Amino acid sequence: MDFDLNEDQLAFQQSARDFAAGEMAPHAARWDEEAIFPVDVIAKAGTLGFCGLYTPLDAGGLGLSRLDASIVFEELAAACTSTAAYLTIHNMVSWMVASWATQEVRDEWCQALACGAKISSYCLTEPSAGSDAASLKTTARLADGSYVLNGAKAFISGAGATDVLVVMARTGASGAAGISAFVVPAATEGVSFGRKERKMGWNSQPTRSIHFDDVRIPASHLLGNEGEGFKIAMKGLDGGRINIATCSVGAAQAALDAAHAYMKQRRQFDRPLADFQALQFKLADMQTELVAARQMVRLAASRLDAGSPQASVYCAMAKRLATDLGFNICNEALQIHGGNGYIREYPLERYLRDVRVHQILEGTNEIMRVIVSRHLLQQESLENIR
């Protein structure tokens, strides 16, 4: 059991760190303040392979493991958590298209998605189907060699600015078995977008609803087979949970670094903050929790890479732990900064706003607890989960 990164992983990490420092960190506060979606920087990330990290080589991606990808995402998230989070969503879509699309659709989209020339959105959530995703109501009806989509999606990252959508829609009976997945070009007639949501965080990526009114797409745009959409969605979300957990780790690392530097620089009562034992203990707890979160995420990524039958449970545990601890670490770092942490001259309040949503999306942390507890109670013993 080797916890050290290998030479390739260290190289990926350094490449991501350099890119984040040069292209993301200097602009992150302005992107947040002005709600700028930095598509030019996303395209630059694509030239390094960061838009198709685990997309297969034959589809234009780097073909990396989920563990390798988590190392890259952590570095990007430390610079701009919001933009890094969008990149994780795009990576998931790129991988889905490469894994389940017909050859015709792969040829049309995969290379462009993997290199960042085209960008994407993932469309599962609906106004009345959040945690209960299997109750979604958007429909896809096969007619004359095409699927016709009708319905609406909510809280879609990148919506209105992306080129292609992966859409979950109902082709059969109620429940998970009646759901299928489709590739829908965003410019298709009948696709329209709601207003840009005003959000607490994640301001460097737009969020909108999407409406489908008799949207007609070729039958070849089906991903996998009819009725496999929910399975595809859940496979995507296993990786998505690792990704968003990693973004929390990256933000928490940046917050901890800022708190560490501030404690040495800031003086009160004629002493640096670093001299006060209460703050020393706080910093120690933050570091301990950060290491625990990072290692849990990397363990879950390794389980997913290995095809473990418990991979989904580990992904749920990692997502719950890392997003909760990541938020707590950012909050404690803000507290160490006092009033300075609350103003936008410092990045702490942005870290806090950006990571808060990680406890909600990709399955709320309450749903993560449902997944873990349900699995545990179905076992005769807990031997296999140790």
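Residues numbered from 1 in each chain as written. Predicted model: local features only at pLDDT ≥ 70, side-chain atom pairs only at ≥ 80, totals over all residues. Heavy atoms only, no water.

**Digging into the nonpolar core**
A general trend in soluble globular proteins is that nonpolar side chains are found buried together.
Item 1. Within the largest apolar cluster, 62 residues are counted, with the highest numbers of intra-cluster contacts made by Met24, Leu76, Val97, Tyr122 and Met168.
Item 2. Considering every element that reaches this core, the biggest residue donor is helix H5 (residues 81–100), with 12 residues.
Item 3. Counting residues in hydrophobic clusters, the runner-up holds 42 residues, among them Val249, Met296, Val297 and Ile385. (Core = buried A, V, L, I, M, F, W, Y, C linked by side-chain atoms within 4.5 Å. Buried < 20%, exposed > 50% of the residue type's maximum accessible area, 1.4 Å probe, protein only. Helix = DSSP H or I, 4+ residues; strand = E, 2+ residues; numbered from the N terminus.)

**Notes on the packing of helix H7 (residues 229–265) against helix H8 (residues 277–305)**
Relative orientation and spacing of two packed helices are given, respectively, by the angle between their axes and the distance between those axes.
Item 1. Close contact between H7 and H8 brings their axes to 10 Å; oriented N to C, the two are set at 155 degrees. In this view, H7 runs roughly antiparallel relative to H8, as classed from their interaxial angle. Where H7 crosses over H8, the two elements pack in a sense that is left-handed. Two secondary-structure elements touch here, H7 through Asp238, Gly239, Ile242, Ala245, Thr246, Val249, Ala252, Gln253, Leu256, Ala259, His260 and Met263 and H8 through Leu279, Gln280, Leu283, Met286, Gln287, Leu290, Ala293, Arg294, Val297, Ala300, Ala301 and Leu304.
Item 2. Here the contact of H7 with H8 is composed, by residue class, of 16 nonpolar, 6 polar and 2 charged. (Axes fitted to C-alpha atoms, helices over the stretch in contact; angles between N-to-C directions. Parallel < 35°, antiparallel > 145°, perpendicular 65-115°, else oblique. Left-handed = near helix turned anticlockwise from the far one by under 90°. Contact = heavy atoms within 4.5 Å. Nonpolar A, V, L, I, M, F, W, Y, C, P; charged D, E, K, R; others polar.)

**Quick notes on the pattern of salt bridges**
Two side chains of opposite charge can pair, provided their charged atoms sit close to one another.
Item 1. According to the stated counting rule, one finds 15 salt bridges in the structure shown.
Item 2. We note a salt bridge from Arg353 to Asp32, for which the minimum N-O separation is 2.7 Å. On the criterion of sequence distance, the pair formed by Arg353 in helix H10 (residues 348–356) and Asp32 in helix H2 (residues 28–34) is long-range, its members being 321 residues apart. Asp32 matches Arg353 in its accessibility class, with the two residues each being buried.
Item 3. Measuring nitrogen to oxygen at the nearest pair gives 2.7 Å for the salt bridge that ties Glu349 to Arg353. (Salt bridge = Lys/Arg side-chain N within 4 Å of Asp/Glu carboxyl O.)

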